[in-house]
Amino acid sequence: MTILSVYELTISIKKLLEKQFTSLAVRGEISNLKEQSSGHIYFTLKDKDSQISAVFFRGDAAKILKRPIKNGDEVIVRGELNVYAPRGNYQIIVREIEFAGVGELLLKLHQLKKTLDARGWFDAAHKKPLPKHPKVIGVITSPTGAVIQDIVNVLSRRFSGFQLLLNPVKVQGEGAAKEIAQAIDEMNRYNLADVLIVGRGGGSLEDLWAFNEEIVAEAIFRSQIPIVTAIGHETDTCIADFVADLRAPTPSAAAEIVTAEKAQKLDFLRSVKRTLSNTLRHKTNEERARWTGFARHPIFSTSSTLLSPYFQRIDELREDLDASIKTGMLEQRLHLRRLKETLTLLNPSSQIDQQKSRLETIKRTLFQASQTVLLQKKERLKQLEQHLMAINPKNLLTKGYCILFRENSNSVIVSTRDVEDQERLDVLLQDGTLKVQRIP
């Protein structure tokens, strides 16, 4: 048995396999997709039982691929088998690639299109006219995509005061067609809008397939509300576009279409406004020039001559009126003053004030009279006091006189006959009293 190196064995296998499989076509699902910065694409091609590596070099990929490949795509690759010696792996060198499902989808699309056309669903007789002034615009699309944003932007710019009702749906994948059809039926059942826009952004045939389903076409056909479709790019055409009342190339165009009538009328009104403004400006300039000519006429330039008599008459009337007003006001003022004086006299408070003033005068008179009497009385009292002082016996005591009193009765003795022998007496002097006894 010959002993081979790993390299020798790998090269032998490489020669045998590559010679045997110089041209092959393999169908499978792409997984583990990796696109290098060099532009080469590496992936695994698998089915339910096995898998094989594949490489799609940049030069071939740039010429062949019309759209990017991604994990999960069902494809048919054509090329040759290759053994990568450094790793000992075998792989397919891809020269051509074909999306396996596309051909079937195209065939299915063609058959459905032919069937629906035979039913008359595409006939122009079934197309409903769009409302000229829609009050509510319904939109059936994904709530998170760019479609709804584009529609809102266009309507906000062109159709102020619009009402938009969004019925959110899936626009691709399993169950999308059913959701779209149900949304169209709901909008009709409750008559929620005047016109509907059904749409989504661009994508592959598989991405747009929900709008090629018969269930969606049927919902559009039986809709009583006019429908405008805006599906994919301008070059994409779906079954829904053929059944719809009108097809728009883009969602933005759909928004413009449903508001076209109002936009045209607004343009017409703007044109009329400009015409009226120009006419009014021209007419105003004419009238201004006309009145300027009138103002320059000699009659108007010397208006004081024409109007001076009236000015003078107005001045005279004004003076007469002022004098009449002043006279009337003076008379009224005098009358009011007389009334005021009369009221003042009749006013109880005024009479009370007068009586108070009178009483005050009497009070002052009485006070002055009483003061005079008091002064007179005081003067008389003073005279009497002086007289009494002059005749006061005690004043005589200061001049050497004395007064005798009986000791027991304090009665004054005025005569020697009133004093008995041996009787004791009191002698009142200026500075005190002496006890004395009469000696026979």
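These numbers were taken from a predicted model, which means no experiment stands behind them.

Chemist: Can you walk me through the nonpolar core in this structure?
Modeler: Nonpolar side chains in soluble globular proteins tend to end up buried together. Judged by nonpolar contacts, the single largest core of 36 residues is most densely connected at Ile140, Ile180, Ile184, Phe211 and Ile220. Among the secondary structure elements, those contributing two or more residues to this core are helix H3 (100–119), strand E6 (136–141), helix H5 (176–189), strand E8 (195–200), helix H6 (214–222), strand E9 (227–231) and helix H7 (239–243). Per-element accounting of this core gives the leading share, 7 residues, to H5. Every residue in contact with isoleucine 220, bar those within four places of it in the chain, is listed here: Ile184, Ile227, Thr229, Ala240, Val243 and Ala244. The next biggest cluster of nonpolar side chains, apart from the first, holds 17 residues, and it includes Ile41, Ile52, Ala54 and Ile69.

Chemist: For this particular structure, what's the right way to read the sheet that holds E9?
Modeler: Strand pairing in a sheet takes place through backbone hydrogen bonds and is either antiparallel or parallel in direction. Sheet architecture is open: 5 strands sit in the order E7-E6-E8-E9-E10, paired in parallel fashion. Only two strands of the sheet have a single partner each, and these edge strands are strand E7 (163–168) and strand E10 (246–247). Here helix H8 (residues 251–258) sits on the sheet and contacts E6, E8, E9 and E10; the angle it forms with E8, its principal contact strand, is near 170°.

Chemist: How should the pattern of salt bridges be read in this particular structure?
Modeler: If you walk through the whole model with that rule in mind, you get 13 salt bridges. Among the salt bridges present, the one from aspartate 245 reaches lysine 128, with a minimum N-O distance of 3.4 Å. Of this pair, aspartate 245 sits in the loop between H7 and E10 while lysine 128 sits in the loop between H3 and E6, and the two are 117 residues apart along the sequence. Note on aspartate 245: relative accessible area 10%, which makes it buried. Residues joined by salt bridges that share partners form a network here, namely Asp60, Glu80 and Arg95.

Chemist: Please explain the packing of H5 against H6 as it appears in this structure.
Modeler: Think of two packed helices as two axes; the pair is described by the angle between the axes and how far apart they sit. Axis separation between H5 and H6 bottoms out at 8 Å; the angle between their running directions is 10°. In this view, H5 runs roughly parallel relative to H6, as classed from their interaxial angle. Of the residues in H6, those touching H5 at Ala177, Lys178, Ile180, Ala181, Ile184 and Asp185 are Ile215, Val216, Ala219, Ile220 and Arg222. Of the residues that constitute the contact of H5 with H6, the class distribution is 8 nonpolar, no polar and 3 charged.

Chemist: Can you walk me through a nonpolar patch on the surface in this structure?
Modeler: A cluster of nonpolar side chains, namely Leu4, Leu9 and Ile13, defines an oily patch on the protein surface of about 260 Å² accessible area. If you trace the backbone, leucine 4 turns up in the segment before helix H1 (6–20).

Chemist: Where do I start with the packing of aromatic side chains in this structure?
Modeler: To describe a pair of aromatic rings, one takes the distance between the centres and the angle between the planes. With the rule as written, the count across this model stands at 2 aromatic pairs. Where tryptophan 121 meets phenylalanine 221, the ring centres are 4.9 Å apart and the plane angle is 10°; that geometry is what we call stacked. With tryptophan 121 in the loop between H3 and E6 and phenylalanine 221 in helix H6, this pair connects stretches of sequence that are 100 residues apart. Overall, the relative accessible area of 10% leaves tryptophan 121 in the buried class.

About the cut-offs
- Residues numbered from 1 in each chain as written.
- Predicted model: local features only at pLDDT ≥ 70, side-chain atom pairs only at ≥ 80, totals over all residues.
- Heavy atoms only, no water.
- Core = buried A, V, L, I, M, F, W, Y, C linked by side-chain atoms within 4.5 Å.
- Buried < 20%, exposed > 50% of the residue type's maximum accessible area, 1.4 Å probe, protein only.
- Helix = DSSP H or I, 4+ residues; strand = E, 2+ residues; numbered from the N terminus.
- Contact = heavy atoms within 4.5 Å.
- Pairing = 2+ DSSP bridges.
- Axes fitted to C-alpha atoms, helices over the stretch in contact; angles between N-to-C directions.
- Salt bridge = Lys/Arg side-chain N within 4 Å of Asp/Glu carboxyl O.
- Parallel < 35°, antiparallel > 145°, perpendicular 65-115°, else oblique.
- Nonpolar A, V, L, I, M, F, W, Y, C, P; charged D, E, K, R; others polar.
- Patch = residues over 30% accessible without salt bridge, like charges linked within 9 Å, V, L, I, M, F, W, Y side chains within 5 Å.
- Areas by Shrake-Rupley, 256 points an atom, 1.4 Å probe, with all protein chains shown as cover.
- Phe/Tyr/Trp six-rings, centres within 6.5 Å; stacked < 30°, edge-to-face > 60°.

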